[in-house]
Amino acid sequence: MEPNSPSPCRPSHSGVRLQVRELRFLDKGPFSFIVAAGECVGLSGRSGIGKSQLLRAITDLIPATGEVFLDGKACTGFLAPAWRSRVTMVPAESFWWYDTVGAHFAVEEEGGNLLKNLAALGLDPQAVRWEISRLSTGERQRLALLRALQKEPQVLLLDEPSSALDAHHTGLLEDFVRQYRERTGAAVVWVSHDPDQLQRVASRVLRMETDGLTEVSVSFPEHQEREE
Amino acid sequence: MNVISLSSFDLAIAASLLVVLSLLSMLLSLGLEKKIILFSCRMTAQLLLIGLVLRYLFASGSLLLVLLMATVMLLAAGREVWARQQRKIAGISGFTLSLGAMFVSSFSVTALALLVIIRVEPWYTPQYAIPLLGMLLGNTMTGISLAMDRMTDQLYKQRGVIEQRLLLGQSWQEASRDLRSDCMRTGMIPIINSMAAAGLVSLPGMMTGQILGGTPPVEAVKYQILIMFLIAAGTGFGVISAIWMSGLLFFDKRHRLRLEILKGPLK
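Residues numbered from 1 in each chain as written. Chains lettered and ligands numbered in written order. Predicted model: local features only at pLDDT ≥ 70, side-chain atom pairs only at ≥ 80, totals over all residues. Heavy atoms only, no water.

### What about the sheet that holds strand β10 (residues 212-216) of chain A?
All names here are of chain A. Read across the sheet, six strands follow the order β6-β7-β8-β3-β9-β10 without closing on themselves; strand pairing throughout is mixed. In this open sheet, the two edge strands, each paired with only one partner strand, are β6 (87-90) and β10. Each strand of the sheet is rotated relative to its neighbour by a mean of 20 degrees, with strand direction disregarded. Relative to strand β7 (residues 155-159), helix α1 (residues 51-58) is tilted by about 155 degrees, and along the sheet it contacts β3 (40-44), β6, β7, β8 (187-191), β9 (204-209) and β10. (Pairing = 2+ DSSP bridges. Helix = DSSP H or I, 4+ residues; strand = E, 2+ residues; numbered from the N terminus. Axes fitted to C-alpha atoms, helices over the stretch in contact; angles between N-to-C directions. Contact = heavy atoms within 4.5 Å.)

Shown next, in the form of structure tokens:
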């Protein structure tokens, strides 16, 4: 993707990080696209078209045919848990299984990094001690993102990550993801129904139909070359 | 060993209690009278039949017949466990799973008891083998079906949490650990409770039977203790293997939760 990277070498912040090739699931597809290291690609499409399922297929949570590569290495070459730790999906609805927020985070994370991240997303530093039941939807959404970042995934699949946030916190979240992307060279796939948001966060936007993806112009996301 | 033999008239007196109960059920419009009569007749027929079968089996004492009988009992127990599941695993694997768990809980433990503990000659003497197996099958069935039923139900209801944990890179074993140990506890609690209550609240059926049959109480008690140990161990092993095998069925090699192996949604 990037002109000044001759080979897709792994640790660098350049080259193709995520490649999805001919992915098919549940009578849908084939879907093919690539995301460069440090790039964010937007994914749009009408409700129910299967955007979440596409992300689930990429993270290998549902059976699919076709192939997905991380830095040129096929998904099948990883153990499934290792794959999901590197290609991590943050679903629109998050689930929590312990009573408190902190129990879902690794112990060493509870220190500086987590506190800094909480502040960056506009969350109370005390949030780690809170009980899950008292969290608002928006708080859950942001905490779910932090929880997913614990293992520093190289690919982040975000399913409507700011659907429950107001404009101010949406902005904080967008900045936070951008900084993560720039710092680690992670590739991001961002699902959203908000064209303005995709324009802000993504360098390209793909529109999903049942039989494939089409790239749409970022400035006019509603305008497509091939619409059924 | 002088048991007072029961005549048909004696049994008829006991049966008349059920007639009274049916009449009462009609009066109170409980709608249970048909079931009471049908199932008491069915129970009588089943037990009379098994009495005849056992008489023949005891007389012949052939290994082949004992094994045949044991297999029939095992299949029936496996089917019963499977039938008690609210959400069933579709196809043959659900039944095989129940069968496998019952095999572990009862067959293996009975074989151990016959060969190592009681050391009866020959080991397949039907007077020992068949009642022992029957008792183990009957008593471990409850725990195993409870545990399996809870497992499918919880996996279905908590799919969100399980998938969330998988999404965070946990293996299926990690993602379902809490749920599986909870199901194992559910399966084992009844036998632990009945060990606590044995002799204080309830006089176990086998011991009562032996005492009525003229066995000295202390001998009967020793057998009862043996049986309780075997049932507890059998239930535990059966529950653990049932839950482990369910895990292998519900999660595939890529650590995905495959709830589609369940038979359709509940109505």
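### Considerations on the interface of chain A and chain B
Across the contact, 26 residues belong to chain A and 16 residues belong to chain B. Of the roughly 1800 Å² buried between chain A and chain B on both sides combined, carbon and sulfur atoms contribute 56%. Ranking the residues of chain A by area buried against chain B places L61(A), R84(A) and W97(A) at the top, with a combined share of 34%. Counting across the interface, chain A meets chain B through three salt bridges. Its salt-bridge partner being R254(B), residue D60(A) comes within 2.7 Å of it at the nearest N-O pair. At the junction of chain A and chain B, the tally comes to ten residue pairs in polar contact (both at pLDDT 80 or more). Elements with a contribution of two residues or more to the side of chain A that touches chain B: α2 (80-86), β6 and α4 (137-148) of chain A. Of the residues assigned to the side of chain A that touches chain B, the class counts are 15 nonpolar, five polar and six charged. (Buried area = accessible area lost by both parts, 1.4 Å probe. Salt bridge = Lys/Arg side-chain N within 4 Å of Asp/Glu carboxyl O. Polar contact = N/O pair within 3.5 Å; in protein donor to acceptor, adjacent residues only side chain to side chain. Nonpolar A, V, L, I, M, F, W, Y, C, P; charged D, E, K, R; others polar.)

### A look at the packing of helix α4 (residues 92-118) of chain B against helix α5 (residues 126-157) of chain B
All names here are of chain B. Viewed as axis vectors pointing N to C, α4 and α5 meet at an angle of 145 degrees, and their least axial separation amounts to 9 Å. Crossing of α4 over α5 shows right-handed handedness. Residue-level contacts link L97, S98, A101, M102, S105, S106, F107, V109, T110, A113, L114 and I118 of α4 to Y128, A129, L132, L133, L136, L137, T140, M141, I144 and M148 of α5. Among the residues forming the contact of α4 with α5, the class breakdown is 17 nonpolar, five polar and no charged. (Left-handed = near helix turned anticlockwise from the far one by under 90°.)

### Some details on the pairing of β8(A)
All names here are of chain A. Among the five residues in β8, five count as buried, and that is most of the element. The two faces of β8 match: A187, V189 and V191 on one face and V188 and W190 on the other face are all buried. With four bridges joining them, β3 and β8 adopt parallel strand pairing. From the neighbouring strand, C40 faces β8, where its bridge partner is V188. By the bridge criterion, five bridges tie β7 to β8 in an arrangement that is parallel. The residue of β8 that forms the bridge with V155 is A187. (Buried < 20%, exposed > 50% of the residue type's maximum accessible area, 1.4 Å probe, protein only.)

### So, the confidence of the model for chain B
Residues at a pLDDT of 70 or more form 99% of chain B, whose mean pLDDT is 91. Interface predicted TM-score (ipTM) for the complex: 0.88; the corresponding pTM is 0.84. (pLDDT = per-residue confidence, 0-100.)

### Considerations on the domain arrangement of chain B
Residue and element names in this part refer to chain B. You can read the domains of chain B as domain 1 (1-60) and domain 2 (62-263). With nine residues of domain 1 at the interface, the matching set in domain 2 holds ten residues. Run the count over domain 1 and domain 2 and you get zero salt bridges. There are one residue pair in polar contact (both at pLDDT 80 or more) connecting domain 1 and domain 2. Across the side of domain 1 that touches domain 2, the residue classes break down as eight nonpolar, one polar and no charged. (Domains from an automatic or database assignment.)

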